[in-house]
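# Descriptive structure summary
Listed here are the chains, written in short residue letters.
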Amino acid sequence: MSNRLDSAATPLLTVDAVGKEFFGNRVLEEVNFSLYAGEILGLVGENGAGKSTLMNILFGMPVISQTGGYDGRILIEGEEVRFSSPFDAIDAGIGMVHQEFSLLPGFTATENILLNRESTKYNPLVEVFGDRIKTLDRRDMRRRADEAISILGFSIDPEALGAEMPVGHKQFTEIAREIDRKSTKLLVLDEPTAVLAESEAEILIKSLRGLAERGISMIFISHRLQEVIDLCDEIIILRDGRVVKETKPAETSIFQVASLMVGRNVEAVSTERRLMEETETILDVQNLWVDMPGETVRDVTFSVRKGEIFGVGGLAGQGKLGIANGIMGLFPAGGNVTVKGEPLRLNDPALSLSRDMAFVAEDRRGVGLLLDEPIDWNIAFTAMQVQDKFVRKILGGLIKWRDDAAMREVALDYINRLEIRCTGHRQRAVELSGGNQQKVCLAKAFVVGPEILFVSEPTRGIDIGAKRLVLDTIRQVNEDTGATVIVTSSELEELRSVCDRIAIVDSGRISGVRDASRPAEEFGVLMLGESPSLVPAAATIGGETF
Amino acid sequence: MTPPVKNDSAVHKFTGTENVKHFLISNSVPIIFIALSAIAIPISGFSAGYLIQEMLTRLARNSFLVLSLLIPIMAGMGLNFGMVLGAMAGQIGLIFVTDWAVVGIPGMVLAALISMPIAAFLGFICGSVLNKAKGREMVTSYILGFFINGIYQFVVLYTMGIRGLHIPITNPQLVLSRGFGIRNAINLTGIRRALDNALPLTHNFGHFTISIPLGTYVTIAAFCFFIVWFRRTKLGQDMRAIGQDMAVAGSAGIAVERTRVIAIVISTVLAAFGQIIFLQNIGTMNTYNSHEQTGMFSIAALLIGGATVSRASITNVFVGVTLFHMMFVVSPTAGKELIGQAQLGEYFRVFVSYGIIAVALVLHAWKRLQERERARRGLRGE
Ligand SMILES: Nc1ncnc2c1ncn2[C@@H]1O[C@H](COP(=O)(O)OP(=O)(O)OP(=O)(O)O)[C@@H](O)[C@H]1O
Ligand SMILES: [Mg+2]
């Protein structure tokens, strides 16, 4: 679908020597590329390489002008533009799906998709009070929402409320919103697949390809390199704010892209195994059910040994995410859960926390961080609240003092261990890139040092080089503190590289628990449960092997 | 390839007791007041006929005012004292029609027409100020009410009635004996019960007779239809969006501040009409006091009806007005019967109206805290 061969055509988008500095911190330098109608451009780079910043410039986000604007030029169809707000960008035919969600919790999918572009009907009062007094044409709105959803090829309930949708559905709703906007010529997608399970991501990739065939150009940002190679016509690799290479999928490989991103060779994961001793059971779950929308758990029974890293895998929507959420009391649950030999009362989150359990939820956007506070604060906050860590007591506890030195030390340690890219431990969380915010979330849980740690989707949004760091840190925390870790992930390879045993969830039930050293195919069969007709191509089960 | 994504509905349904518990918690405020009434009514010794008549009259008198609070709540601006400004505008309209001796329904309509631009202007000011105080609308509008009240008093007390120089009011029954300024108590004989009795309806139930102010109820019904219809307009949809998340609504291109101002303007204009309806029922107007209690009593009634700062329905209005005024009628007598002191009942009445606002707000804050706690749990665990 590329018009590139036709040398006479003007590119839809030309980025000419664009640069950006945040208060002396240069994050983009001399970025050049162009994009033709119907082309899909993949933008890859490490966490903090400057991808989101570049897209914010393109979309006229206010944060850019508030921090001193940018250098260089952006041309749309040969004409220079300098958007002062996202509305200018939208008028010029640019649509953007941001790294964070922007859905209204009390609106249905339909209402969210058509937000501020609702279909309306005339009534006589319009003559007096103007167009805004037109009544909504609910039926037509529903039709348009159905249409946008069907172009996506993913079924979302058009009447589901934003607050009650599973994460993946939220993402599709956001994209459907851009599809409904008929004037969109260029669609910017900032990590649209990060919150999706692999199967959902595949559907998305397919529908994006369909959109490109309709002539819509796209800029696609992702840390899942296989997707980028599968989907894109052109790939641009950013490192430290510079374009280090522009290439085509056919001319490259995941390994090459990954190496260029990090600037050194990325080795494939060596899955060294350790021998797990037969320790006592620390967590025993019997007949657990959890009523979590889109991730219903029906009847789950398993037990975890002390000091183990236990994996929970499975396809999207089968209930793997519901297990941790149910045990931690975030959704209504029932059944028998025994922690360290004592029964745990369900549906009581405070209790779950007080019993030395901690949870890193899968949906970390928004609730995970105190965005206006510095990194060290964010990392120490929970431990301080729950356990009185980082508190110096004077006069036998009468006066409590925040121990800034200790907070600094632990923050610097994790900044170092997880390679959090920042200007220092006092930088505000809001100024970090998406992936680096994620790392702060994880550091926070590690600092609490619970006996049982639930981590859902630990490497979501983390670049290929840093994934290893995150998994290693989980392993390290487990070994150093003896914490039992329950990792939930949709990436089987990730689970296989870090866990001792893995349970696979299918249709709300556990279809099997296997040693992590068993071959991937064995897990693949378990994932599909008793419905072999759904077997996807073997390659998609494995995912990226990094 | 078939997408291997299955989505079955939840197997677990909430049990009966869970549902009941949820119902009790979310309706705790009205339930408490129903219980209080159930205790106080028999003690007071009022007859059913008397109470029914009282409630019918008071519902007609107050519902319109309380309904005017709904639209700003929809726009996420909370419980708003902006309506007090509307009440003042309504009173200014009434002063003029009384002076001109326009009577009956035409008098009310004329008063409404006069008050409309004044209310709209005051609403515009109020909305603009509230845009500078997002999230603190309730307190800000309360204080703004005091400020505008000062201006109102100045206008009414000093500028009205001075011949040739100021606003011409000639009727000596309105003007203070010193020659300018409006008297404190104005007899609204011209429009008294004009709307209530426009469609007379009385019914004899044997030992008691009930008269229903049908004209007013028809007006209130029209207002309810307006609100239901308004929710379905583009403007209503925009207000709902803003009420949920100003940032998201703004980034979708909705003119947030402008829409908020419109919400307040609509509310003040309707409150002006509401005050006119209220006063035609009472029949006399306390020029310097009538509007002051309007805001507090309307908000109290709405909260008692089970509304919150962020959610309020038409049902909340009617339930709230009924319960609030039931307490209002019954408690002084009940207090007297119980302790032998009418004064105590009077205290209780004041306590009810102010205390309930505090209680309802505390309950609301508590509920919000629970929600935030829930969000923080995710955070805490991390
Ligand atoms: N508002 C801001 N103020 C200061 N620095 C900022 C701000 N926003 C981003 N940065 C910095 O700019 C750099 C690039 O961030 P950006 O969000 O573009 O990264 P990214 O490539 O999208 O990474 P990720 O893959 O983690 O999302 C980071 O070092 C970040 O700290
Ligand atoms: Mg980013």
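Residues numbered from 1 in each chain as written. Chains lettered and ligands numbered in written order. Predicted model: local features only at pLDDT ≥ 70, side-chain atom pairs only at ≥ 80, totals over all residues. Heavy atoms only, no water.

### Observations regarding the site of ligand 1
Residue and element names in this part refer to chain A. In the vicinity of ligand 1 there are 20 residues, among which Lys51, Ser52, Thr53, Ser433 and Gly435 approach most closely. Ala49 has a polar backbone atom sitting 3.3 Å from an oxygen atom of ligand 1. A distance of 2.8 Å separates an oxygen atom of ligand 1 from a polar side-chain atom of Lys51. Put simply, the parts of the chain that give the shell around ligand 1 at least two residues each are α1 (51-58) and α15 (434-448). A class-by-class count of the residues in the shell around ligand 1 yields five nonpolar, 11 polar and four charged. Counting contributing residues per domain, the shell around ligand 1 is built from domain 1 (13-262) and domain 2 (361-449), each supplying no fewer than three. (Near = heavy atom within 4 Å. Polar contact = N/O pair within 3.5 Å; in protein donor to acceptor, adjacent residues only side chain to side chain. Helix = DSSP H or I, 4+ residues; strand = E, 2+ residues; numbered from the N terminus. Nonpolar A, V, L, I, M, F, W, Y, C, P; charged D, E, K, R; others polar. Domains from an automatic or database assignment.)

### Some words on unusual backbone geometry
Residue and element names in this part refer to chain A. Although it is not a glycine, Glu419 adopts a positive phi angle of roughly 50°. Along the chain, Glu419 turns up in the loop between α14 (404-417) and α15. A residue is classified by how much of its surface remains accessible, and Glu419, at 42% relative accessible area, is partly exposed. (Buried < 20%, exposed > 50% of the residue type's maximum accessible area, 1.4 Å probe, protein only.)

### Some words on the sheet that holds strand β2 (residues 25-35) of chain A
Sheet strands pair by backbone hydrogen bonding; their relative direction is either parallel or antiparallel. Residue and element names in this part refer to chain A. Here we have four strands laid out as an open sheet, ordered β2-β1-β4-β5, and antiparallel in their pairing. Strand pairing shows two members of the sheet lacking a second neighbour, β2 and β5 (79-81), which therefore form its edges. Taken over all neighbouring pairs, the strand axes of this sheet differ in orientation by 30° on average, direction set aside. Both strand β4 (residues 71-76) and β5 contribute to a ladder of three bridges, which runs antiparallel. Looking across to β5, one finds that Ile74 is bridged to Val81. (Pairing = 2+ DSSP bridges. Axes fitted to C-alpha atoms, helices over the stretch in contact; angles between N-to-C directions.)

### A word on the pattern of salt bridges
Residue and element names in this part refer to chain A. Across all of its chains, the model carries 42 salt bridges over all chains by this definition. Residues Glu178 and Arg181 are paired through a salt bridge, measuring 3.4 Å at the closest nitrogen-oxygen approach. The buried category is assigned to Arg181, whose relative accessible area is 15%. If you follow the salt bridges from partner to partner, you end up with Asp16, Arg73, Glu80 and Arg82 in one network. (Salt bridge = Lys/Arg side-chain N within 4 Å of Asp/Glu carboxyl O.)

### Side note on the domain arrangement of chain B
Residues and elements named next belong to chain B. Assigned domains of chain B: these are domain 1 (28-62 + 293-369) and domain 2 (68-290). Here the C-alpha centre of domain 2 lies 23 Å away from the C-alpha centre of domain 1. Opposite the 29 residues of domain 1 that make contact, domain 2 presents 33 residues. Of the roughly 2400 Å² buried between domain 1 and domain 2 on both sides combined, carbon and sulfur atoms contribute 73%. Of all residues in domain 1, Arg61, Ile299 and Ile314 bury the most surface against domain 2, accounting for 24% of the area lost on that side. The interface formed by domain 1 and domain 2 contains zero salt bridges. Seen at the junction of domain 1 and domain 2, the total is five residue pairs in polar contact (both at pLDDT 80 or more). It is helix α3 (residues 48-67) that contributes the most residues to the side of domain 1 that touches domain 2, 10 residues altogether. (Contact = heavy atoms within 4.5 Å. Buried area = accessible area lost by both parts, 1.4 Å probe.)

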